[in-house]
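# Observations on chain architecture
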Number of protein chains: 2
Amino acid sequence: MPGLPNTLKARRLGIDTHHEAVVFVRADSAVSRSEGFASRARVEVRHLDRRVVATLYHVTSEILAEGEAGLSDSAWRGLRLVDGAPVSLHHPVPAQSLAAVRGKAFGRNIDEDSARSIITDIVAGQYSDVHIASFVTACTARPLDFNEVVALTGAMIEAGGRLRWNLPIVIDKHCIGGLPGNRTTPIVVAIVVANGLCMPKTSSRAITSPAGTADTMEVLAPVNLDIATMRRVVEQEGGCIVWGGAVGLSPADDLLIRVERALDLDGEGQMVASILSKKIAAGATRVVVDIPVGATAKVRNDAAAHSLSSMLTEVANAFGIRCHSLIGDGTQPIGRGIGPALEARDVLQVLRCEAAAPEDLRQRALFIAGELLEVAGAAPSGSGVVLAQRTLDSGAAARKFDAICRAQGGMRPLPIAAHSHVVAATRAGAVRRFDNRKLALIAKLAGAPDAKAAGVDLHVHLGDSIAPGQPLYTIHAHTTGELTYASEFAARNGEVIAVDD
Amino acid sequence: MPGLPNTLKARRLGIDTHHEAVVFVRADSAVSRSEGFASRARVEVRHLDRRVVATLYHVTSEILAEGEAGLSDSAWRGLRLVDGAPVSLHHPVPAQSLAAVRGKAFGRNIDEDSARSIITDIVAGQYSDVHIASFVTACTARPLDFNEVVALTGAMIEAGGRLRWNLPIVIDKHCIGGLPGNRTTPIVVAIVVANGLCMPKTSSRAITSPAGTADTMEVLAPVNLDIATMRRVVEQEGGCIVWGGAVGLSPADDLLIRVERALDLDGEGQMVASILSKKIAAGATRVVVDIPVGATAKVRNDAAAHSLSSMLTEVANAFGIRCHSLIGDGTQPIGRGIGPALEARDVLQVLRCEAAAPEDLRQRALFIAGELLEVAGAAPSGSGVVLAQRTLDSGAAARKFDAICRAQGGMRPLPIAAHSHVVAATRAGAVRRFDNRKLALIAKLAGAPDAKAAGVDLHVHLGDSIAPGQPLYTIHAHTTGELTYASEFAARNGEVIAVDD
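Residues numbered from 1 in each chain as written. Chains lettered and ligands numbered in written order. Predicted model: local features only at pLDDT ≥ 70, side-chain atom pairs only at ≥ 80, totals over all residues. Heavy atoms only, no water.

## Things to note about the interface of chain A and chain B
Across the contact, 55 residues belong to chain A and 53 residues belong to chain B. Taken together, the two surfaces of chain A and chain B that pack against each other cover about 4,900 Å², and 59% of this comes from carbon and sulfur. Remark: the boundary between chain A and chain B carries six salt bridges. At the junction of chain A and chain B, the tally comes to 18 residue pairs in polar contact (both at pLDDT 80 or more). For the side of chain A that touches chain B, the element with the highest residue contribution is helix H5 (residues 129–141) of chain A, accounting for nine residues. Two elements, strand S5 (residues 50–59) of chain A and strand S2 (residues 15–16) of chain B, share two bridges in a ladder whose sense is antiparallel. Counted as the bridge partner of Val59 of chain A is Ile15 of chain B from S2 of chain B. (Contact = heavy atoms within 4.5 Å. Buried area = accessible area lost by both parts, 1.4 Å probe. Salt bridge = Lys/Arg side-chain N within 4 Å of Asp/Glu carboxyl O. Polar contact = N/O pair within 3.5 Å; in protein donor to acceptor, adjacent residues only side chain to side chain. Helix = DSSP H or I, 4+ residues; strand = E, 2+ residues; numbered from the N terminus. Pairing = 2+ DSSP bridges.)

## A few points about the packing of aromatic side chains
Given two aromatic rings, their pairing is described by the distance between the two centres and the angle made by the two planes. Applying the stated criterion to the full structure yields three aromatic pairs over all chains. The interplanar angle of 50 degrees and the centroid separation of 5.8 Å between the aromatic rings of Phe24 of chain A and Tyr57 of chain A together place this pair among those described as tilted. Remark: Tyr57 of chain A occurs in strand S5 and Phe24 of chain A occurs in strand S3 (residues 22–26); sequence separation between them is 33 residues. Since its relative accessible area comes to 4%, Tyr57 of chain A is described here as buried. Every member of this aromatic cluster is reached through a ring pair, and the members are Phe24 and Tyr57 of chain A together with Phe24 and Tyr57 of chain B. We note Arg205 of chain A situated over the ring of Trp243 of chain A; from NZ or CZ to the ring centre the distance is 4.6 Å. (Phe/Tyr/Trp six-rings, centres within 6.5 Å; stacked < 30°, edge-to-face > 60°. Buried < 20%, exposed > 50% of the residue type's maximum accessible area, 1.4 Å probe, protein only. Lys NZ or Arg CZ within 6 Å of the ring centre and 35° of its normal.)

## A few points about the sheet that holds strand S17 (residues 465–466) of chain B
Residues and elements named next belong to chain B. With antiparallel pairing, three strands are arranged side by side in an open sheet as S17-S15-S19. Only two strands of the sheet have a single partner each, and these edge strands are S17 and strand S19 (497–500). Across four bridges, the pairing between strand S15 (residues 429–434) and S19 is antiparallel. Paired with Phe434 across the two strands is Ile497, which belongs to S19.

## Regarding the relation of the copies chain A and chain B
Superposing chain A onto chain B takes a rotation of 180 degrees combined with a translation of 0.0 Å along the rotation axis, leaving an RMSD of 0.1 Å. When the rotation and shift are considered jointly, the pair of chain copies conforms to a two-fold rotation axis. A shared binding surface is used by both copies, with 96% of the interface residues of chain A retained as interface residues in chain B. (Least-squares fit on C-alpha atoms with pLDDT ≥ 70 in both.)

## Quick notes on the side chain of Arg26 of chain B
Residues and elements named next belong to chain B. Within the secondary structure, Arg26 sits in strand S3 (residues 22–26). Of note is the side chain of Arg26, whose polar atom sits 2.8 Å from the backbone oxygen of Leu64. Setting aside its immediate chain neighbours within four residues, Arg26 contacts Ser32, His58, Val59, Ser61, Glu62, Leu64, Ala65 and Glu66.

## Structural notes on the sheet that holds strand S16 (residues 455–458) of chain A
Residue and element names in this part refer to chain A. Taken in spatial order, the four strands make up an open sheet running S13-S16-S18-S14, and their pairing is antiparallel. The open sheet is flanked by strand S13 (337–338) and strand S14 (419–424), the only strands paired with a single partner. The pairing of S14 with strand S18 (residues 471–477) spans six bridges and is classified as antiparallel. Considered in S18, the bridge of Val423 is made with Tyr473.

## Examining the confidence of the model for chain A
Atom-level detail of predicted coordinates should not be read off regions where pLDDT is low. Predicted confidence across chain A gives a mean pLDDT of 90, with 95% of residues reaching 70 or more. On the interface metric, ipTM, the complex scores 0.84, and its pTM is 0.86. (pLDDT = per-residue confidence, 0-100.)

As structure tokens, then:
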């Protein structure tokens, strides 16, 4: 109805609010007054037959003219707008599935229909982060039982694409808790796939760390593959290492994980649904989950690890697949590099069996690959590591990795940072402790993960004897500004690597 | 540290994000890259010794220049900035009390210290709405026990100002559920105070309705009184009707309620803490809580009402005060006007005992006032309504109301809308049903509550016999544009008042 005060002209404000849609209107606009929209209200924005639910903010300055609605990038994309296009604002119909979230908070179980409508509404952008936070908390405070986890896992799979490979065995792995050591993935995939197995691996980018597996892999080959290209690569080479965000498997998971991370809260049931929905959507039939246990890890004790492990196994069975857990200590960083290119260098050194390759990374990758080979039936029980080692030492894994990189769009040369700064020991002693949090922060201040070659390179291990002036680590950066910034932070913030007698 | 990339020049963007602080920075800025701030990250913004925790959004357009940080109005006020002032961005230290919220989600009770630190952090702006949503949901899913409600109530009282009156009896009332009928408050206060009792009443403004009690009262007198002025009014006249938002009693409550409303979720314990913290902070010693029960009311059945009532009584006792609940049916709208001035007119008609006064509003106000008089010991049991009626009919209540208005800053004449439109019955029959939701929406489309005289005036009651062409209701507006908008909505949206045989 043109001329009505709820119709405005769209303007792209160039504001990236991540997935949450935001619309800005003048506080003195007719639409705000007549519809009674308060600032931070949820409103439905319509253009033609498209609609998104957005958070409304009032603007009192001249960044918007009367009659304009400024939209965030996500709302702009969702409505497929052009500048000046008419948009109208309405009171949104609250998502029906919120009743099921409220019900869960009051103790009612989530059934299949509820799980499907909750996940569908989340993916459609009907939930604000406030609603997602309530859902996540309700599922932690009223722990999901087996049937609820199965319902949620199924709904999360259905909400996105799903790959099928027409093979009896498709293998996948997952590591819980984001410990350093993720960079085993490219090595493990290469070893397993070189043995004739199918492993269509999707990985994530860094959210709070200096590099995710997808960032590290992107140094060496394109990872932003769509689902059709991913399928072609896997059919040709048997495996891939791509960014999960581009292929749209279990799209609700990314939205849930972001809020879970803000709350530092993820119940066992949600963790199981999150892991298995991605793996099943990727077509896996046998999954190995690495569960490091430690005071600073996501899983704090053995009892919790065993409970998680058995729920993973049972829910996987409900979907006709097998899941095997590796429970063990995992508090030490693995490898030398922190940052996409430095980690990629570690990976290549291991794959190419170079003398300089970090031994801890090699051993960890062989251990996990050995488990996968056994779980997939490619090696008898107890002999997986031996097969993995043979595959690595013969050069077969390196050749397979090169072939996967070419299939994903071409192998790239390792970038090297233009500027570096060495941090040396100020006294003699032994290496007692790494502050992993500060090391990660220094790598980020130096520019990682966006500046691919930026980061921190470690020169010592726990327990090493150190002479005064001996290099402890090197900071790498693309610009002198970032190098100075990271170096000054390191100098000001106490011992990053503790050395004493 | 000047020159470091995390120092930017403050710019007021004129964006009202309500209480949540937001900072906008360019996506290509050095601070985003070096600190690794993703869009929607939580960041700490510092200026001199002041700091706020804000949500960061990336900007890719020219609304910000390189080196600038755009701030929302709430962040601007919190940091007391001037244009161009230096602000620096940092990774925030997560609020320690979030561990207690997580603990509650996992089943650990909230003790006094935890309650105090949670509420302190919420009032200090350390929690995003995502964290508040998690807290609210955890307290619903793991219901608060008596000790937890007492701890939470105490923490909410401590977080704001507190009034003390040096009187043995200070009376207050609260109505749960926002049913039409809130406009009894000015009448009830006038009757009770005319009998020599002390009743320092704070009320809320509309958030989603066409008028809150504070909006209605503001038509007749100023309500934005600070705590010192409120005290002076009450000491002089024995009572007041002011806006609670201006006096800062239990400031956490408003932040919690906004999220609870978005989630449509408030557990019994939180409702009790919310109600009692405001009343105790206002200095009340005897409180009457009106609990309407109905399918569309906040409290759905008698069992829930009785459970709520007994927790109110017990928690009130823990703070040395008395709380009495009125449980009853309350699904019918009361009075004729919907909108601040139209409701204020109803109130004045009842106070002045005019022949045109709506009888249902008069009866409801007398009933509640009678209960208060009995609870306060000003009338023997069973005779409160008689005393209330005598106070109203003698003109004593009207004189007291005028005196309170003068003390609050002067009685104002009732505004009258410039434009109106009568909606008439299209056929004969009886009035079967009011669509209260649509009536409220029409009043808001017409401009209420900001346009004080705008709204809807009802001309019929449930069960009335109606002739074709007989007026059902009148829409009032300040401008012809708003009148047209509201009238067209009414015409397009089916039966607002259902009439049939």
